[in-house]
Amino acid sequence: MIDFTTCLQPDRGQTARTIHVVHPDQWDSWLSAQPPRTRTAVAAHGLTGKPGNRAVLPGDGVEDWAMLLVCNESHLSPWRIASLGAQLPAGSYRLADGEPGAAMLGWCLAQHSFDRYRKDPSPVGPRVLLTGDPARIDETIRIARAVAKVRDLVNTAAADMGPADLEAEAATLARAHQALLTVTKGDQLAKGFPMIHAVGQAAAKGREPRLIELEWGSPAHPRIAVIGKGVCFDSGGLDIKPSSGMRLMKKDMGGAAHALALAELIMATRLPVRLHLLIPAVENSIAGNAFRPGDVLATRKGVTVENTNTDAEGRLVLADAITRASEESPSLILDFATLTGAARVALGPDLPATFANDDTLAEALLAAGIATGDPLWRLPLWDGYDEMLASDIADMVNAPDGGFAGSVTAALFLRRFVPAGTPWAHFDTFAWRPASKPGRPKGGEALGLRAAWAMLKARFPG
């Protein structure tokens, strides 16, 4: 991973090349204000002020050249200059039109790449962006590291990112921040967390299921629970996925990646909370002891679940984790999960389906998403669909027949394990980018992380 501290520096008047970022609506006025040599260079390049136009411009006598980018992204967008962060040669740069602000994040992330499996990574850089707002540098670097962590964990092949590897990631965090790590597996898991055990029991030796818990912070502070679905590979179980459906199932631990990254942000900034991180880590495998369609599963809460689909396993492991978190009477529960294809059909890859049982919490999350350029979309916990979870032989099913409202019924299933009156939000995130955009390569992606972090900072100010 690139050292993001090399990407941003305070602007103390040091020599740097200038970047001109021009909105299409301001093209004519910008061009008319430029010296003749600049207008000549623009004409030679045949630029017309359309988004994406770019050119190398003559320098001003101090610098040897400057850069022009026509961009229709607003000043609030993290991705405004991300394309330049990825493509410019090593050196120092400053914006001609003022402070980079939110664009510092995209500049940093554009220089990050996942190269664990490449023979010759061929790093370039650093490309340094100067800013007159040094107070913002540290926070930007922390967020860039968190996003990069999610990307790297999700991009890692499942053979190298099993339940034990997620445990190792949590252990590293615990050591770095003097947190308490507890891991439950084996017979204890079977007795105390029966659905986590059922989903993961068919995995190979060394990839056994486990519940990973980390606690940090003063008991005097409000307790919050952050939960991440850690299905390290999802074959679909006995309701096996087709090969095309399994291709990306290394990313089914994307919820755990988000939770780990958010936990690190909380601890690194010493947010005044009592953090309880929970990751049910499993591999949904196929073997003679795999759980079956039609099995009735016990739960930590004491209710029973008729398993109608072994490929609806994420909600099962999350439910036991939510029950465990609820036993400590948290003031807030957040869970992240790559839970349903239905959410992607409804909202596509960029918008995490967001469910909340508290309107104030939901509004705060949506506002934070807009402010950070990390948008969310709220879907309803529609009570009228709760009856779809009825079972003929157990207290509920995990996946209703028919396929209607799949993301809603999954959220309603989880809601049954959340104590009444406890604010709770559920992020049904994709954790993946199917096509590259500036600063956002194809592959693992943090979607909803920055919005959740901004909400927490506002809710629990230091």
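A brief structural summary. In this numbering scheme, every chain counts its residues from 1 along its sequence in written order. pLDDT decides what is reported in this predicted model: residues at 70 or higher carry local features, side-chain atom pairs at 80 or more are listed and counted, and totals for whole chains, interfaces and linings draw on all residues regardless. Hydrogens and waters are ignored; side-chain quantities use all the structure's heavy atoms.

### Topic: the overall build of the chain
By the criteria applied, helices consist of DSSP H or I runs no shorter than four residues and strands consist of E runs no shorter than two, each listed in order from the N terminus. Within the chain, the secondary structure is distributed over 15 helices and 20 strands. Atoms considered for the radius of gyration are the C-alpha atoms alone. The globule rule reads 2.2 Å times the number of residues to the power 0.38. For 462 residues, the compact-globule formula gives about 23 Å, and the C-alpha radius of gyration of the chain, at 24 Å, lands near that figure. Taken along the three principal axes of its C-alpha coordinates, the chain extends 80 × 45 × 45 Å. Throughout this description, buried means an accessible area under 20% of the type-specific maximum (1.4 Å probe, protein chains only), exposed means over 50%, and partly exposed covers the range between. Buried positions account for 56% of the 462 residues belonging to the chain. Should any heavy atoms of two residues lie within 4.5 Å, those residues are counted as being in contact. Long-range contacts, defined as pairs at least 24 residues apart, comprise 76% of the intrachain contacts of the chain with a sequence gap of at least 6. Each accessible area value is a Shrake-Rupley result obtained with a 1.4 Å probe; residue values ignore everything except the protein chains displayed when judging cover. Looking at the chain as shown, the accessible area adds up to about 18,800 Å², and 52% of this sits on carbon and sulfur atoms. Neither His nor the chain ends contribute to the count of charged residues, in which Lys and Arg are positive and Asp and Glu negative. In plain terms, the charge of a residue is placed at NZ if it is Lys, CZ if Arg, CG if Asp and CD if Glu. In the chain, 47 side chains carry a positive charge and 50 a negative one; their mean positions are 5 Å apart.

### Observations concerning helix α11 (residues 314-326)
Helix span is expected to be 1.5 Å times the residue number reduced by one. The end-to-end C-alpha distance of α11, which contains 13 residues, comes to 18 Å, matching closely the 18 Å that a straight helix rising 1.5 Å per residue would cover. For α11, the buried fraction is high: 13 of the 13 residues fall into the buried class.

### Looking at the nonpolar core
Of all hydrophobic cores here, the largest spans 85 residues; its most connected members are Trp107, Leu166, Leu262, Ile266 and Leu456. Not counting residues within four places of it along the chain, the set of residues in contact with leucine 166 comprises Met161, Ile212, Gly230, Cys232, Met253, Ala256, Leu260, Ile279 and Ala281. By convention a nonpolar core is built from buried Ala, Val, Leu, Ile, Met, Phe, Trp, Tyr and Cys residues, the set being connected through side-chain atoms within 4.5 Å.

### A short note on the sheet that holds strand β17 (residues 396-397)
The strands that make up a sheet pair up through hydrogen bonds in the backbone, lying either parallel or antiparallel. Here a strand pair is declared whenever DSSP counts at least two bridges between the two strands. With mixed pairing, three strands are arranged side by side in an open sheet as β12-β13-β17. The open sheet has two edge strands with one neighbour each: β12 (296-298) and β17. With three bridges connecting them, β12 and strand β13 (residues 304-306) associate as antiparallel partners. By the bridge assignment, leucine 297 is partnered in β13 with valine 305.

In short, the description is geometric, and any link to function would need to be established separately.
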